[in-house]
Amino acid sequence: MNLPASGRRVLVSGASRGLGRAVARAFAANGDRVAVHYASRVEEARLTLESLDGTGHALVGGDLGDPAGAAAVADAAAGALGGIDVLVNNAAVNVRHPLPDTPYEEWVEVWQRHVSVNLLATAQLSHLAARRMIDQGTGGRIVNIGSRGAFRGEPDHPAYGATKAAVHALGQSLAVSLAPYGIAVASVAPGFFATERVAPRLEGVEGEAIRAQSPFGRVAEPAEIAAAVLWLASPAAEWSSGTILDLNGASHLRS
């Protein structure tokens, strides 16, 4: 297999802002060409696109929760880039829904949405990208964005924790099945990191408690998570296939 260290064709799902934007920037700075996926935030996705180093990047919109939408996104990305060498499954939903306070109808709806986007979309995009990598014959990389919550529990966001645990398990299954084709699959399990979405929590009354979860007394920056994703997608990281890399500042330790 001959996966290059740069100049690769990279699809990043959910790249309109936050971690997805940081991941897209990391690959672009590495000399790769990036397909920036968005679901509905087209203007924010354009800002991501405009911020990328280099040329040859593309904007790809679509609802990954719909199987046909996922296929259209993969087709558009491959068409714009000329193929797919790296897939980063970052798109996710995370809606608060503690069981004691959530009506049953809302509970069902929230779970269905989490499963559709966090798990099924990851599985569907992984199939669509991996089939292209197999046909290209040059190997490839799939990196899944999981979560610390898959291990420590998420009482206010149980569907998020459960679907991220499933994403970790999916990644390990695919790591075994795709290795003969030179495709390495790994996951990262971040703790709390600073994005636009969580800024009010960090600036509010619970910010101090969130930062205190780590002995470093802070939360991660998206660029720190993106750096790990970039390494896991590199040729040097093939032997890390199947790993789930904790990125939580020692806020949750496991063995």
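If you're wondering where the values come from, they're calculated on a predicted model, not measured in any experiment.

Some words on the overall build of the chain
Consideration 1: For the chain, the count of helices and strands is nine helices and seven strands.
Consideration 2: Overall size of the chain, expressed as C-alpha extent along the three principal axes, is 50 × 40 × 35 Å.
Consideration 3: Expressed as a percentage of its 255 residues, the buried residues of the chain come to 50%.
Consideration 4: Carbon and sulfur atoms provide 55% of the accessible area of the chain, an area that totals close to 11400 Å².
Consideration 5: Placing the 21 positive and 24 negative side-chain charges of the chain at their respective mean positions leaves the two points 4 Å apart.

So, the pattern of salt bridges
Consideration 1: This model, assessed by the stated rule, comprises 13 salt bridges.
Consideration 2: Across the pair Asp-32 and Arg-8 runs a salt bridge, and its minimum N-O distance is 2.9 Å. Residue Asp-32 is found in the loop between α1 (18-29) and β2 (33-38), and its partner Arg-8 is found in the segment before β1 (9-12); the two are separated by 24 residues along the sequence.
Consideration 3: For Asp-32, a relative accessible area of 2% translates into the label buried.

Quick notes on the environment of Ala-236
Consideration 1: Structurally, Ala-236 is set in the loop between α9 (222-232) and β7 (244-247).
Consideration 2: We classify Ala-236 as exposed; its relative accessible area is 65%.
Consideration 3: C-alpha of Ala-236 to C-alpha of Val-73: the two residues are 163 residues apart in sequence and 28 Å apart in space.

Concerning helix α4 (residues 104-136)
Consideration 1: In this model, α4 (33 residues) spans 46 Å end to end at C-alpha, consistent with the 48 Å of a helix rising 1.5 Å per residue.
Consideration 2: Of the residues flanking the end of α4, it is Gly-137, one or two places downstream, whose phi is positive at about 75°.

Section: the packing of α4 against helix α6 (residues 158-178)
Consideration 1: Between α4 and α6, whose axes approach to 9 Å, the crossing angle comes to 20°. When the axis of α4 is compared with that of α6, the two are roughly parallel. The two elements α4 and α6 meet at a crossing, and its hand is right-handed. Note on element contacts: α6 touches α4 through Pro-158, Ala-159, Tyr-160, Ala-162, Thr-163, Ala-166, Val-167, Leu-170, Leu-174 and Leu-178, opposite Trp-107, Trp-111, His-114, Val-115, Asn-118, Leu-119, Thr-122, Ala-123, Ser-126, Ala-130 and Ile-134.

Parameters and conventions
- Residues numbered from 1 in each chain as written.
- Predicted model: local features only at pLDDT ≥ 70, side-chain atom pairs only at ≥ 80, totals over all residues.
- Heavy atoms only, no water.
- Helix = DSSP H or I, 4+ residues; strand = E, 2+ residues; numbered from the N terminus.
- Buried < 20%, exposed > 50% of the residue type's maximum accessible area, 1.4 Å probe, protein only.
- Areas by Shrake-Rupley, 256 points an atom, 1.4 Å probe, with all protein chains shown as cover.
- Lys, Arg positive; Asp, Glu negative; His and termini not counted.
- Charge placed at Lys NZ, Arg CZ, Asp CG, Glu CD.
- Salt bridge = Lys/Arg side-chain N within 4 Å of Asp/Glu carboxyl O.
- Expected span 1.5 Å × (residues − 1).
- Axes fitted to C-alpha atoms, helices over the stretch in contact; angles between N-to-C directions.
- Parallel < 35°, antiparallel > 145°, perpendicular 65-115°, else oblique.
- Left-handed = near helix turned anticlockwise from the far one by under 90°.
- Contact = heavy atoms within 4.5 Å.

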